[in-house]
2 protein chains.
Amino acid sequence: MKRYAYFISDGTGITAEMLGNSLLAQFEKIEFERVTLPYIDSVTKAEQAVALINADSRKSGQPAIIFDTVIDKTIRQVIDSAEGLKIDIFDAFLKPLEQALEVESSYSVGMSHSAKNTSYLSRIDAVNFALDNDDGARTRHYKTADVILVGVSRCGKTPTCLYLAMQYGIKAANYPLTEEDMADLRLPKSLEPYRSKLFGLTIDPDRLSVIRNERRANSRYSSLKQCYHEVDEVETLYQREQIPFISTTDKSIEEISTRILAETGLQRRLRS
Amino acid sequence: MKRYAYFISDGTGITAEMLGNSLLAQFEKIEFERVTLPYIDSVTKAEQAVALINADSRKSGQPAIIFDTVIDKTIRQVIDSAEGLKIDIFDAFLKPLEQALEVESSYSVGMSHSAKNTSYLSRIDAVNFALDNDDGARTRHYKTADVILVGVSRCGKTPTCLYLAMQYGIKAANYPLTEEDMADLRLPKSLEPYRSKLFGLTIDPDRLSVIRNERRANSRYSSLKQCYHEVDEVETLYQREQIPFISTTDKSIEEISTRILAETGLQRRLRS
């Protein structure tokens with residue numbers, strides 16, 4: 001059975017999607033048709049959204065599930081009239097928060113405020129830093145890095161650096177450990193001054209071989225033998241040099257990134 | 001007055017942070033000390049979290065605000081014992097959802113499920129696509145692009161492409177429009193076959209000049225005169241060639257990205 005789920009927001013819709021998907025994930029057996037309706041910031045747009053929801057509900061014969069993060073009261077009242085179950089975090093949580101904090105929210109006094117991104121420039125800076133210091137091409141900016149990820153080719157360093165930059169404004173460089181680097185199981189010279197910033201990634205060798213085969217099929221680089229060898233060397237190096245490390249196998253970029261933050265104690269530069 | 005806000009999760013903590021920050025943004029006048037506690041996946045870790053929260057609450061003389069997205073019941077009961085206001089989306093919304101959907105959630109039957117990232121590889125693919133097709137260096141993969149962002153240097157193309165890839169698995173290329181490209185106010189030849197995929201970015205020239213000055217101070221490139229000239233040319237080009245476009249000035253990467261999705265009708269490849 002298929003059900004419609006709507007994520008409605010006066011902004012990007014990202015909060016409504018995250019909240020909604022966390023809840024819907026608890027209903028494994030139901031297939032949801034997900035529709036995001038962002039930037040619903042006028043009564044007219046809200047009325048169009050309601051018309052769409054009602055048409056879908058009638059078509060499917062089941063009331064929709066509606067995740068609403070619109071702040072404006074008038075617009076929310078319009079969305080309230082849609083046929084379906086409304087899941088509304090502002091409605092549910094602002095009153096108890098006002099009581100605990102002993103002030104009225106902007107929402108209650110009629111002045112809406114979305115979470116603002118005050119750290120825009122520092123995040124762009126961090127993304128540019130990640131791009132400029134990718135793949136060990138340059139190491140001269142390592143002294144300004146917050147963290148330097150190391151690991152074998154294709155273990156997930158670049159996407160993780162970009163996510164740390166984009167989401168948390170963290171300056172993350174990365175350096176690929178090659179066979180030459182690990183020849184005598186020593187840390188490359190260029191990394192030695194930054195030992196305290198190093199964080200290792202490792203990966204299941206079978207998985208690594210699959211990933212490398214997508215890039216260069218049937219090469220020595222992607223062979224199981226080579227992948228087992230490199231991963232074995234790199235893990236020995238981490239242990240010997242006491243570099244903290246985690247495995248990226250079966251982890252999302254979000255999970256790899258937040259585990260690195262948790263283990264290093266790096267501060268999230270939160271968007272708020 | 002300063003209050004402690006905790007974001008507690010058995011996973012990355014990202015949902016708790018987003019939900020929490022959306023709500024806290026409605027209390028502008030209060031300064032919050034934000035603490036994320038991710039991967040709280042055992043009773044022991046939950047007890048440590050409670051001890052930390054209670055110590056902070058006593059220190060500040062104010063009960064904490066606790067945003068909890070832990071799924072496991074036993075762990076949640078431990079967190080319930082902390083001194084503070086608990087904001088718990090599972091507790092608040094799963095019962096009404098179960099009634100509307102007429103099934104028990106995995107959570108209720110004792111089998112927790114977090115939102116899983118089934119599209120990991122397609123997102124990594126998309127990030128690699130964005131990196132490989134950045135800045136117009138290569139155009140031969142444009143036929144597989146979902147969207148091609150165009151705009152003057154430093155208007156926000158690269159971070160937006162990376163966000164579209166990382167968050168939504170969308171293959172986004174970008175092409176910088178230079179003075180030569182715009183010499184006769186025509187579309188560059190290499191872009192013509194992909195007209196339907198083009199999306200323009202523009203930016204306030206004063207803001208552009210500030211950004212460019214950070215890169216190359218006091219150059220022709222970053223001069224106000226040059227920035228006004230380029231932005232004027234590029235907006236004329238968009239209008240003449242009927243390329244949809246938005247301004248990136250004062251917008252977050254998330255907002256630019258989701259507005260592009262809304263205007264192009266590109267499907268979000270949701271993580272669920």
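As the structure is a prediction and not an experimental result, all values here were calculated from the model.

Caption draft 1: Local environment of the overall build of chain A. Within chain A one finds 9 helices and 8 strands. The C-alpha radius of gyration of chain A comes to 24 Å, more than 25% above the 19 Å expected for a compact globule of 272 residues. Here the C-alpha coordinates of chain A stretch approximately 70 × 45 × 30 Å along the principal axes. Taking all 272 residues of chain A together, 56% fall into the buried category. Per element, the accessible surface of chain A, about 11,900 Å² overall, is 47% carbon and sulfur. One way to put it: in chain A the 35 positive side-chain charges average out to a point 4 Å from where the 39 negative ones average out.

Caption draft 2: The arrangement of the UniProt feature "binding site: ADP" (unreviewed entry) in chain A in detail. Residue and element names in this part refer to chain A. Under the UniProt annotation, "binding site: ADP" (unreviewed entry) lies at G151, V152, S153, R154, C155, G156, K157 and T158. As for its placement among the helices and strands, G151 is situated in strand β5 (residues 147-151). On the basis of relative accessible area, G151 is assigned to the buried category, the value being 0%. Look past the residues within four positions of G151 in its chain and what remains in contact with it is K157, Y175, P176, L177, L201 and Y238. Examined against the element boundaries, R154 turns out to sit in the loop between β5 and α6 (157-168). Since its relative accessible area comes to 27%, R154 is described here as partly exposed.

Caption draft 3: The arrangement of the packing of aromatic side chains in detail. All names here are of chain B. Within the structure shown, the criterion is met by 11 aromatic pairs over all chains. Judged by centre distance (5.8 Å) and plane angle (80°), the ring pair of Y142 and Y194 falls under edge-to-face. Taken together, the positions of Y142 in the loop between α5 (120-132) and β5 (147-151) and Y194 in the loop between β6 (172-176) and β7 (198-202) put the pair 52 residues apart, joining distant regions of the chain. Judged by relative accessible area, which is 0%, Y142 ranks as buried. Where Y238 meets F245, the ring centres are 4.9 Å apart and the plane angle is 35°; that geometry is what we call tilted.

Caption draft 4: Highlighting the relation of the copies chain A and chain B. Laying chain A over chain B is done by rotating through 180° and shifting 0.0 Å along the axis; what remains is an RMSD of 0.1 Å. A rotation of that kind, with that shift, is consistent with a two-fold axis. Among all residues of chain A, the minimum C-alpha distance to the rotation axis is found for L19 of chain A, at 3.5 Å. When you check the interface residues of chain A against chain B, 100% turn up at the interface there too, and the contact is symmetric in its surfaces.

Caption draft 5: Representation of helix α8 (residues 224-241) of chain A. All names here are of chain A. Taking 1.5 Å of rise per residue, 18 residues should cover 26 Å, and α8 covers 26 Å from first to last C-alpha, within 8% of that figure. Along α8, the residues classified as buried are Q226, C227, E230, V231, E233, V234, L237, Y238 and E241. Take α8 and look down its axis: the buried residues cluster within an arc of 160°, on one side only. Opposite the packed face of α8, turned more than 90 degrees from it, sit the exposed residues K225, D232 and Q239.

Caption draft 6: Spatial organisation of the sheet that holds strand β3 (residues 64-68) of chain B. Strand order in this open sheet of 4 strands is β2-β1-β3-β4 (chain B), and the pairing throughout is parallel. Pairing within the sheet leaves two strands with one partner each, and these edge strands are β2 (31-37) and β4 (84-88) of chain B. Averaged over all pairs of adjacent strands, the angle between strand axes in this sheet comes to 20°, irrespective of strand direction. Judged from the 7 bridges that link them, strand β1 (residues 2-8) of chain B and β2 of chain B form a sheet pairing that is parallel. From the neighbouring strand, K2 of chain B faces β2 of chain B, where its bridge partner is E31 of chain B. Strands β1, β2, β3 and β4 of chain B of the sheet are contacted by helix α4 (residues 89-101) of chain A, whose axis makes an angle of about 170° with β4 of chain B.

Caption draft 7: Up close: the pattern of salt bridges. All names here are of chain B. In the structure shown here, the tally under the stated rule is 29 salt bridges over all chains. A salt bridge links K45 to D41, with the shortest nitrogen-to-oxygen separation between them at 2.9 Å. The class of K45 is partly exposed, set by a relative accessible area of 34%. The closest approach of N and O atoms between D80 and K86, which form a salt bridge, is 2.7 Å.

Caption draft 8: Summary view of the nonpolar core. Judged by nonpolar contacts, the single largest core of 96 residues is most densely connected at I148, L177 and L191 of chain A together with I148, L177 and L191 of chain B. Not counting residues within four places of it along the chain, the set of residues in contact with I148 of chain B comprises Y142, A173, L191, Y194, K197, L198 and F199 of chain B.

Caption draft 9: Region of interest: the environment of L94 of chain A. Counting through the fold element by element, L94 of chain A comes out in helix α4. Distance from L94 of chain A to S222 of chain A, taken between C-alpha atoms, is 54 Å for residues 128 residues apart in sequence. Beyond its immediate stretch of four places on either side in the chain, L94 of chain A contacts I89, S105 and Y107 of chain A together with L23, Q26 and F27 of chain B.

Caption draft 10: Structural context of the sheet that holds strand β8 (residues 245-247) of chain A. All names here are of chain A. Here 4 strands make up an open sheet; going across it, the order is β6-β5-β7-β8 and the pairing parallel. Taken across any chain shown, the strands that pair with only one partner, and hence form the sheet edges, are β6 (172-176) and β8. Strand-to-strand twist of the sheet, defined as the mean angle between neighbouring strand axes without regard to direction, takes the value 25°. Across the face of the sheet, α6 comes into contact with β5, β6 and β7 (198-202) while running at roughly 175° to β6.

Caption draft 11: Just the packing of α4 of chain A against helix α1 (residues 14-24) of chain B, in detail. The contact between α4 of chain A and α1 of chain B brings their axes to 10 Å, and the two run at 60°. The crossing of α4 of chain A and α1 of chain B is right-handed. Here I89, F90, F93, L94 and L97 of chain A of α4 of chain A lie close against α1 of chain B, whose contacting residues are L19, S22 and L23 of chain B. Considered class by class, the residues forming the contact of α4 of chain A with α1 of chain B number 7 nonpolar, 1 polar and no charged.

Caption draft 12: Quick look at the side chain of K251 of chain A. All names here are of chain A. One can find K251 in the loop between β8 and α9 (253-264). Within the buried set, K251 has no salt-bridge partner at all; the shortest N-O distance to an opposite charge, 5.3 Å, is to E255. Among the polar contacts made by the side chain of K251, one reaches the main-chain carbonyl oxygen of S247 at a distance of 2.7 Å.

Caption draft 13: Quick look at unusual backbone geometry. For D135 of chain A, which is not a glycine, the phi torsion comes out positive at approximately 65°. Relative to the assigned elements, D135 of chain A resides in the loop between α5 (120-132) and β5. A positive phi angle, near 55°, is found at Y39 of chain B, a position not held by glycine. Within the secondary structure layout, Y39 of chain B lies in the loop between β2 and α2 (43-60). Using a relative accessible area of 6% as the deciding quantity, one classes Y39 of chain B as buried.

What counts as what
Residues numbered from 1 in each chain as written. Chains lettered and ligands numbered in written order. Predicted model: local features only at pLDDT ≥ 70, side-chain atom pairs only at ≥ 80, totals over all residues. Heavy atoms only, no water. Helix = DSSP H or I, 4+ residues; strand = E, 2+ residues; numbered from the N terminus. Rg over C-alpha atoms; globule rule 2.2 N^0.38 Å. Buried < 20%, exposed > 50% of the residue type's maximum accessible area, 1.4 Å probe, protein only. Areas by Shrake-Rupley, 256 points an atom, 1.4 Å probe, with all protein chains shown as cover. Lys, Arg positive; Asp, Glu negative; His and termini not counted. Charge placed at Lys NZ, Arg CZ, Asp CG, Glu CD. UniProt positions renumbered as here; feature names shortened; annotations may be inferred. Contact = heavy atoms within 4.5 Å. Phe/Tyr/Trp six-rings, centres within 6.5 Å; stacked < 30°, edge-to-face > 60°. Least-squares fit on C-alpha atoms with pLDDT ≥ 70 in both. Expected span 1.5 Å × (residues − 1). Arc of directions from axis to C-beta. Pairing = 2+ DSSP bridges. Axes fitted to C-alpha atoms, helices over the stretch in contact; angles between N-to-C directions. Salt bridge = Lys/Arg side-chain N within 4 Å of Asp/Glu carboxyl O. Core = buried A, V, L, I, M, F, W, Y, C linked by side-chain atoms within 4.5 Å. Left-handed = near helix turned anticlockwise from the far one by under 90°. Nonpolar A, V, L, I, M, F, W, Y, C, P; charged D, E, K, R; others polar. Polar contact = N/O pair within 3.5 Å; in protein donor to acceptor, adjacent residues only side chain to side chain.

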